[in-house]
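Residues per chain, in single letters:
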Amino acid sequence: QKMPPSLPATINIREPRWDQSTFQGRAKHFFMVTDPRNLLLSGATLEEARRVVEDYRAGTVPPGLTEDQLWRAKYIYDSAFHPDTGEKMLLVGRMSAQVPMNMTITGCMLTFYRTTPAVLFWQWVNQSFNAIVNYTNRSGDAPITPSQLGTAYVSATTGAVVTALGLKSLTKHLPAIIGRYVPFAAVAAANCINIPLMRQRELKLGIPVTDENGNRLGESTAAAQKAIFQVVVSRIGMAAPAMAIPPVIMNMLEKRAFLKRYPYLNAPLQVGLVGFCLVFATPLCCALFPQKSSMAVSSLEPEVQAEIRKKDPWLETVYFNKGL
C-alpha cells in the first residue's frame, strides 16, 4: 500500500484556516473555536494536539499527517491554550465554554428577575464568570497581580448589581416586558466596567504590537484601548439576541394556558431559548472584528512611533491580538 505524500512544512498554522479579512472567514473560524464539544476532549487529546502543532511549527511533519488532521489539531490547540502565553486556559474561561455557561447563567437571570435577592445572586454569578473569561482571554503575555484581579472583580460585580437594582426600581411602574430587559441593561453596563478593569494592566502598560510577520516592535496603550473597545462591543452584541429575543417569546407563552399549567417549565424553556440564540450569536459576534487587529503606526503614542521608526522607517501598519 502506498503511503500518502508527506505534508509540506509551509502551511501557516499561526493564522486561522479561513481568510480573516472577510466576515464569513472569521465566522467559520469562530464556529470552530466556540464549539462546545471541545470541552469534552480529554487531557491526552489536548496534549497530542499541542505536540502536533508545536512539532509542525518547528518544521517536523509526522509521517501520514493530513492537512485536515493538522487543522483539526490547530483548532483543538487554540481552544485550550492561550495564543500569547501558550499556557492551558481555565476550563470555564475557554471560548468553547461560552455557550453552555452563558446559556445557564443568562437563562436563570431572565427567569429569576423579579426579586432583589435573585437579581443580586445571578448578577454576581454572571460577573464572576465574566471575570474568569476576561482574565483567561486577555491579550498579551504580561501577568496581572492578585490585587489588580480582586479590585477589577469587585468593581465590576458592584457595577452590575447597582445597575440591575437601580433599573429594577425604575421599572416597577412600567409594563412587565420592560422589567424583563433589566438583566440585559445590567450586563451591557457591567461589560463596559468589567472588561477594561480586568485588562487594566494593558491600558497602563500597553499590549505587544508586531509587524505583519509577527516581529515584536513594542507595547502600545493606544492598541490596548482599541482592542478593549472592540471586545466590549463584541460581548454586548453576543448578549443582545440571547437577552432580547427570549423575553418576548416568554412574555407571550406566559399568557397561554400551557405555562400556567406547567410553571416548572419556565426555566428550562428560557435556558433552551437562550442556548439556541447563543450558539449563533457567540461565534458571529466574535467575528465582528479580526482577532489579529491592526492600526496605523501614526495612531500610536509618539514614543512608540519613534521606537518603531528606528526599527523600520517605512512601516505603516502594526498588528496586535485584541483578545476575546
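The model shown is predicted, which means the values in this text are computed figures rather than measured ones.

Novice: Got a minute to help me understand the nonpolar core in this structure?
Specialist: Soluble globular proteins tend to bury their nonpolar side chains together. In this structure, Leu7, Ile11, Ile13, Phe30, Tyr56, Leu70 and Cys286 are the most contacted members of the largest nonpolar core, which totals 27 residues. Looking at this core, the elements that each hand over two or more residues are helix 1 (23-33), helix 2 (43-57), helix 3 (67-80) and helix 12 (266-286). In terms of residue count, the dominant contributor to this core is helix 3 (seven residues). A domain-level breakdown of this core finds at least three residues from each of domain 1 (23-88) and domain 2 (95-321). Ignoring sequence-local partners within four residues, the contact set of Phe30 consists of Pro283, Cys286, Ala287, Gln291 and Leu324.

Novice: What exactly am I supposed to notice about the UniProt feature "transmembrane region" (unreviewed entry) in the chain here?
Specialist: As recorded in UniProt, the sites labelled "transmembrane region" (unreviewed entry) are residues 227-249 and 269-289. Spanning residues 227-249, this segment combines 100% helix with 0% strand, and its end C-alpha atoms are found 35 Å apart.

Novice: Any chance you could explain the pattern of salt bridges here in plain terms?
Specialist: Any two side chains of opposite charge can pair, so long as their charged atoms come close to each other. This structure, assessed with the given rule, holds 11 salt bridges. Between Glu48 and Arg51 there is a salt bridge, with its nearest N and O atoms 2.7 Å apart. Note that Glu48 and Arg51 are positioned in helix 2 at a spacing of three residues, about one turn of the helix. On the basis of relative accessible area, Arg51 is assigned to the partly exposed category, the value being 38%. Salt-bridge contacts for Asp55 lead to Arg51; the nearest nitrogen and oxygen are separated by 3.2 Å. Of this pair, Asp55 and Arg51 both sit in helix 2, four residues apart, roughly one helical turn. Connected via shared salt-bridge partners are Glu47, Arg50, Glu54 and Lys88.

Novice: I tried to follow the domain arrangement of the chain on my own but got confused; where do I start?
Specialist: Put simply, an interface is often sized by how much accessible area is lost when its parts join up. Assigned domains of the chain: these are domain 1 (23-88) and domain 2 (95-321). On a C-alpha basis, the centroid separation for the pair domain 1 and domain 2 is 25 Å. The interface is formed by 17 residues belonging to domain 1 together with 23 residues belonging to domain 2. Together, Arg26, Phe30 and Thr34 form the three largest contributors to the area buried by domain 1 at its contact with domain 2, with a combined 33%. Inspection of the region where domain 1 meets domain 2 yields zero salt bridges. Taken together, the connections running from domain 1 to domain 2 amount to two residue pairs in polar contact (both at pLDDT 80 or more). The biggest single contributor to the side of domain 1 that touches domain 2 is helix 1, with six residues.

Novice: Help me understand a nonpolar patch on the surface, please; the structure alone is not making it clear to me.
Specialist: Where nonpolar side chains cluster on the molecular surface, the patch consists of Phe23, Phe31, Phe229, Val233, Phe276, Val279, Phe280, Leu284 and Leu288 and spans about 800 Å² of accessible area. Residue assignment for the nonpolar patch shows that the elements contributing at least two residues are helix 1, helix 10 (221-253) and helix 12. Of all the elements, helix 12 adds the most residues to the nonpolar patch, at four residues. Here Phe276 lies in helix 12.

Novice: Explain the packing of helix 6 (residues 146-170) against helix 8 (residues 182-198) to me, please; I cannot follow it from the model alone.
Specialist: Each pair of packed helices can be described by the angle between their axes along with the distance between the axes. Between helix 6 and helix 8, the shortest axis-to-axis distance is 8 Å and the interhelical angle comes to 160°. Our classification of the angle between helix 6 and helix 8 gives roughly antiparallel. Here helix 6 runs over helix 8; the crossing is right-handed. Side by side, helix 6 and helix 8 meet where Leu149, Ala152, Tyr153, Ser155, Ala156, Gly159, Ala160, Thr163, Ala164, Leu167 and Lys168 of the first sit next to Val182, Ala185, Ala186, Ala189, Ala190, Ile193, Asn194, Leu197 and Met198 of the second.

Criteria and cut-off values
- Residues numbered from 1 in each chain as written.
- Predicted model: local features only at pLDDT ≥ 70, side-chain atom pairs only at ≥ 80, totals over all residues.
- Heavy atoms only, no water.
- Core = buried A, V, L, I, M, F, W, Y, C linked by side-chain atoms within 4.5 Å.
- Buried < 20%, exposed > 50% of the residue type's maximum accessible area, 1.4 Å probe, protein only.
- Helix = DSSP H or I, 4+ residues; strand = E, 2+ residues; numbered from the N terminus.
- Domains from an automatic or database assignment.
- Contact = heavy atoms within 4.5 Å.
- UniProt positions renumbered as here; feature names shortened; annotations may be inferred.
- Salt bridge = Lys/Arg side-chain N within 4 Å of Asp/Glu carboxyl O.
- Buried area = accessible area lost by both parts, 1.4 Å probe.
- Polar contact = N/O pair within 3.5 Å; in protein donor to acceptor, adjacent residues only side chain to side chain.
- Patch = residues over 30% accessible without salt bridge, like charges linked within 9 Å, V, L, I, M, F, W, Y side chains within 5 Å.
- Areas by Shrake-Rupley, 256 points an atom, 1.4 Å probe, with all protein chains shown as cover.
- Axes fitted to C-alpha atoms, helices over the stretch in contact; angles between N-to-C directions.
- Parallel < 35°, antiparallel > 145°, perpendicular 65-115°, else oblique.
- Left-handed = near helix turned anticlockwise from the far one by under 90°.

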